[in-house]
Structures are given as C-alpha cells and as structure tokens.
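Listed below, chain by chain, are the residues.
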Amino acid sequence: MKCSYKECGKEFTPRTHNMKYCSDECCRTATNEKLREAYYEKKARLAGKKRICKAQGCNVILSRYNEDNVCDRCANAKKEADRRQMIEMIRSVTGKIS
Ligand SMILES: [Zn+2]
Ligand SMILES: [Zn+2]
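From a predicted model like this one, the values you see are computed outputs, not experimental measurements.

Procedures and definitions
Residues numbered from 1 in each chain as written. Chains lettered and ligands numbered in written order. Predicted model: local features only at pLDDT ≥ 70, side-chain atom pairs only at ≥ 80, totals over all residues. Heavy atoms only, no water. Donors = N, O, S within 2.8 Å, 3.2 Å for Na, K, Ca; no water. Tetrahedral: all angles 85-135°; square planar, octahedral: opposite > 155°, others 65-115°. Helix = DSSP H or I, 4+ residues; strand = E, 2+ residues; numbered from the N terminus. Buried < 20%, exposed > 50% of the residue type's maximum accessible area, 1.4 Å probe, protein only.

(A) Seen up close, the coordination of the zinc ion (ligand 1). At the metal site, the zinc ion (ligand 1) is ligated by C3 (SG), C8 (SG), C22 (SG) and C26 (SG), and these contacts range over 2.2 to 2.4 Å. The site at the zinc ion (ligand 1) holds four donor atoms, and with the angles between them running 104 to 117°, its shape is tetrahedral. Between consecutive donors of the zinc ion (ligand 1), the numbers of intervening residues give the motif C-x4-C-x13-C-x3-C. With C3 in the segment before α1 (24-48) and C22 in the segment before α1, this residue pair connects regions lying 19 residues apart in the sequence. Classification of C3 as buried rests on a relative accessible area of 6%.

In structure tokens form, the structure reads like this:
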C-alpha cells in the first residue's frame with residue numbers, strides 16, 4: 001500500500017493492518033504536520049475575528065466563517081450594482097440596434 005504521508009507516497013508492505021506510513025519517520029512528520037496545520041487553522045480563525053469589511057465606508061466586522069474580505073451586505077450590494085450595470089449595458093446596446 002501507499003504511505004499516507006503525502007510528501008512521501010512510497011509503496012510499502014504494511015507489517016500491521018493499521019499501518020499507514022512506510023516508516024516511523026513518515027508517521028512522525030505527518031503527525032507533526034497535522035498538528036501544525038491545526039494550529040495555523042485555529043490561529044487564522046482567531047485572527048479572522050478582527051477582519052473588517054474592505055468596502056469603503058463600511059466598518060462591519062467580518063464573521064470568521066466569511067472567507068471573503070467584504071461583509072455579506074457589501075457583497076450583495078456589489079452583486080446588485082454589477083447586475084444593474086449589466087442591464088444598463090444591454091439596454092444601451094439593444095437601444096442602438098433598434
Ligand atoms: Zn513514507
Ligand atoms: Zn461591508
């Protein structure tokens with residue numbers, strides 16, 4: 001089977017049925033990496049609490065679940081503005097044709 005450590009991925013013959021890594025080294029490295037990832041994930045989420053909406057004039061603090069850099073309201077407002085602009089564009093173009 002293949003070593004579960006993605007950087008390794010070496011084929012090996014497991015000595016026990018629950019062996020996931022080709023060596024102790026890979027097992028240790030993979031475990032350390034998982035811990036480090038969990039640490040950074042937590043850190044980023046905590047830091048995310050302080051993120052503020054990037055839209056001008058808006059100081060809404062972003063939810064840590066929001067992966068965007070603007071708040072939901074600004075994101076929707078921008079979408080709506082884009083939509084209106086598109087409609088205006090279509091109107092002006094079709095207006096010229098007819
Ligand atoms: Zn390995
Ligand atoms: Zn906003």
